[in-house]
2 protein chains.
Amino acid sequence: MSATGTLGEFGLIERYFTRRGRPAASARPEGSSRVALGVGDDCALLAPAPGMQLAISTDMLVEGRHFLSTVDPARLGHKALAVNLSDLAACGARPVAFTLALALPSVEEGWLAGFSRGLFALADAHSCELVGGDTTRGPLNISITVFGELPAGSALLRSGARAGDDLWASGTLGDARLALEAFRGTLVLPSALFEMARARMEQPTPRVALGQALRGIASAAVDVSDGLLGDLRHILEASRVGARVDADAAIELIAANAHPAGGEARLDMETLRRCALSGGDDYELLFTAPPDLRQAVEQAGRASATPVARIGRIEAEPGVRVVDRAGAPVAQRFTSFDHFG
Amino acid sequence: MSATGTLGEFGLIERYFTRRGRPAASARPEGSSRVALGVGDDCALLAPAPGMQLAISTDMLVEGRHFLSTVDPARLGHKALAVNLSDLAACGARPVAFTLALALPSVEEGWLAGFSRGLFALADAHSCELVGGDTTRGPLNISITVFGELPAGSALLRSGARAGDDLWASGTLGDARLALEAFRGTLVLPSALFEMARARMEQPTPRVALGQALRGIASAAVDVSDGLLGDLRHILEASRVGARVDADAAIELIAANAHPAGGEARLDMETLRRCALSGGDDYELLFTAPPDLRQAVEQAGRASATPVARIGRIEAEPGVRVVDRAGAPVAQRFTSFDHFG
């Protein structure tokens, strides 16, 4: 972070990412922060509480690939952190801190004000502190590394799914893909639907509380960033199992479909399946749990105010079988989401 | 890191950054690794030993700004990690792990092979493990976050310098800037000198062992990435002091100047001062220590096989006074290094 604020007009950036007037970590009540030293030295210092592990994840967002140039900067600030918090959620960690590396083609105050506002609103909602970073001139690139805390040995991994487990998804699926298709012009959405779907794409909700509530309950978990079937494969490979996925149950999780204006959109079954099963950019949790823990899963959902739905089950036979509600195979090819590539 | 390896041909990248055949962290002797879970899940898990803090730093490298497009990819892999390790060195931390976020315009195997070779050679030399990352298509951008460990409360900070302290620099200064000027065509270097200076620019040596040896000895430290005077200012501002810098002592630290071919280059005094005092890209340590610890500093230098030299002293009066060996003010304006901007 040594370059921050030394690049002439880039000193301006520092203003938007240095938050004066907040109590220093050392001035806060004992235990309220793991951050011993934040922005402004060569390194940040972080000390997890005794018996706790740090969970770490990194995501890089590039214009044209992970977001459109037209995106509202406040939504982009939100999304840049949200996709990282989503990784913490998938392993059940409580957010603690993050670093931000930012390349900007030019310094635009309006953009910086919006971006930092969206970023810090989400950070504050999760008590996740900016502890360091780097800014430089270059093609727009946002790289965040996030740190969470969880009791040693309690992380939700991809490798714990067992044949017979239920397959669950949180929240809503496929709406971000619907918005993307509308942007691409491959389908038309009524404006109320489009705005809702667009907000899902541009401002996803990381399932941080649910992830923590699922510790000790879920046998495996992953966050859905590249599409449900694509990310499911990560669990199946790590756990050496297969899965049966109920396409009809997944389609029911498309919020646009349940919307009063949903009928107007006249979305065909193939589109709905594609959006729900290989939509991408959902940032929901996909997780497995033994059937005898169904009530515990539902309780975790209620406790975290996050809808959860069973959408399939884990099987010993490798591979994925997509079926309809009656159990008949669905003849449709699903490819992994490739963002805007 | 959820997107790693899911982007079609970008799966190729994974091969270069997934190191099979190495023992898993869990299979290593107790205490030999703080990494409980590395690449391949939503998060990496890291647990500092009891009583230890984690030091964290992030640096983003952009083509044309931090490196030239002509750089050898192995040297670039080295440099991308070196600039981060240099931040750990500046706070006295022992490297533990790092994450890598990488945007690439296209997948070129030769480039990936070279980059990962240079990166891992330096990582292995410091037992610093790649624990996670993200790869995406986009303008070339390398963003690394590095994690080090040190006893709680022992970090070298920028804020501890006191009037009367000596000002020290490690290693050599200014050679990277000489190489840059040669690339820019503003000066001509004999080829032996150019190659030496170029290696300093492209393959800096992070002073990791010295940083750790200076814990409990140095009162303040920073790494020199933007030029000695620019980075000195970070110490002075954080410590609310001023400094007197001996330009002649700093010039003696230019390796090219001491080189047998140095005379041929006929570098004028103004150029030498600019390179030594506002050169940039040195990745040396600039630190302060009380005069009664001079022997301890020299012993730390010997123990870490790193030259250290006194180049000035801290004074109560704010601001920086650049003087010659006789103590007379040097009338030359120094501006902060701006990389290739």
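Read on for an overview of the structure. Not measured: the values here are computed from a predicted model.

**With respect to the interface of chain B and chain A**
Contact residues are listed per partner, giving 58 residues for chain B and 58 residues for chain A. Of all the secondary-structure elements, those providing two or more residues to the side of chain B that touches chain A are strand 2 (44-46), strand 3 (52-62), helix 2 (73-91), strand 4 (94-104), strand 5 (129-137), strand 6 (141-151), strand 8 (220-224) and helix 7 (228-239) of chain B. No other element matches the nine residues that strand 3 of chain B contributes to the side of chain B that touches chain A. Among the residues making up the side of chain B that touches chain A, the classes are represented as 28 nonpolar, 18 polar and 12 charged. Alignment of strand 2 (residues 44-46) of chain A against strand 3 of chain B, held across three bridges, turns out to be antiparallel. Its bridge partner lying in strand 3 of chain B, alanine 44 of chain A is registered against isoleucine 56 of chain B.

**Quick notes on the pairing of strand 10 (residues 284-289) of chain A**
All names here are of chain A. A large share of strand 10 lies buried, amounting to six of its six residues. Both strand 7 (residues 166-170) and strand 10 contribute to a ladder of four bridges, which runs antiparallel. Note that in strand 10 the partner of tryptophan 168 across the bridge is phenylalanine 287.

**Section: the environment of valine 146 of chain B**
All names here are of chain B. Following the sequence through the fold, valine 146 ends up in strand 6. Residues valine 146 and aspartate 282, spaced 136 residues apart in sequence, show a C-alpha to C-alpha distance of 19 Å. Not counting residues within four places of it along the chain, the set of residues in contact with valine 146 comprises Ser57, Asn84, Leu85, Asp87, Leu88, Pro95 and Phe98.

**Focus: the environment of aspartate 226 of chain B**
Residue and element names in this part refer to chain B. Note that aspartate 226 resides in the loop between strand 8 and helix 7. According to the C-beta neighbour criterion, aspartate 226 is buried, with 25 such atoms within 10 Å. C-alpha of aspartate 226 to C-alpha of valine 330: the two residues are 104 residues apart in sequence and 21 Å apart in space.

**Quick word on the relation of the copies chain B and chain A**
Each copy of the sequence occupies a distinct position, and chain B is placed on chain A by a rotation of 180° and an axial shift of 0.0 Å, giving an RMSD of 0.0 Å. Each copy turns onto its partner about a two-fold axis. Residue by residue, 100% of the interface of chain B is reproduced at the interface of chain A, so both copies engage with the same surface.

**Quick word on the pairing of strand 7 (residues 166-170) of chain B**
All names here are of chain B. With respect to burial, strand 7 is a largely interior element, five of its five residues being buried. Residues Asp166, Trp168 and Ser170 point to one face of strand 7 and Leu167 and Ala169 to the other, with burial holding for every one of them. Examined bridge by bridge, strand 7 and strand 11 (residues 308-315) share five bridges and lie antiparallel to one another. Across the sheet, the residue bridging to alanine 169 is alanine 309, located in strand 11.

**A look at unusual backbone geometry**
Residues and elements named next belong to chain B. Backbone geometry at arginine 240 places phi at a positive 55°, although glycine is not the residue there. Inspection of the secondary structure puts arginine 240 in the loop between helix 7 and strand 9 (242-246). With 12 C-beta atoms counted inside 10 Å, the residue arginine 240 sits in the exposed group. The phi dihedral of alanine 305 is positive, around 50°, even though this residue is not glycine. Along the chain, alanine 305 turns up in the loop between helix 12 (294-303) and strand 11.

**Describing the packing of helix 2 of chain B against helix 3 (residues 109-125) of chain B**
All names here are of chain B. Following both chains from N to C, one finds helix 2 and helix 3 inclined at 40°, their axes separated by 6 Å at the closest point. Considering their axes alone, helix 2 and helix 3 lie oblique with respect to each other. As helix 2 packs across helix 3, the resulting crossing turns out to be right-handed. Contact residues: helix 2 offers Pro73, Ala74, Arg75, Leu76, Gly77, His78, Ala80, Leu81 and Ala82, while helix 3 offers Trp111, Gly114, Phe115, Ser116, Arg117, Gly118, Leu119, Ala121, Leu122 and Ala123. Residue classes in the contact of helix 2 with helix 3 are distributed as 12 nonpolar, five polar and two charged.

Conventions adopted
Residues numbered from 1 in each chain as written. Chains lettered and ligands numbered in written order. Predicted model: local features only at pLDDT ≥ 70, side-chain atom pairs only at ≥ 80, totals over all residues. Contact = placed C-beta atoms within 7 Å. Helix = DSSP H or I, 4+ residues; strand = E, 2+ residues; numbered from the N terminus. Nonpolar A, V, L, I, M, F, W, Y, C, P; charged D, E, K, R; others polar. Pairing = 2+ DSSP bridges. Buried ≥ 20, exposed ≤ 12 C-beta atoms within 10 Å, placed from the backbone. Least-squares fit on C-alpha atoms with pLDDT ≥ 70 in both. Axes fitted to C-alpha atoms, helices over the stretch in contact; angles between N-to-C directions. Parallel < 35°, antiparallel > 145°, perpendicular 65-115°, else oblique. Left-handed = near helix turned anticlockwise from the far one by under 90°.

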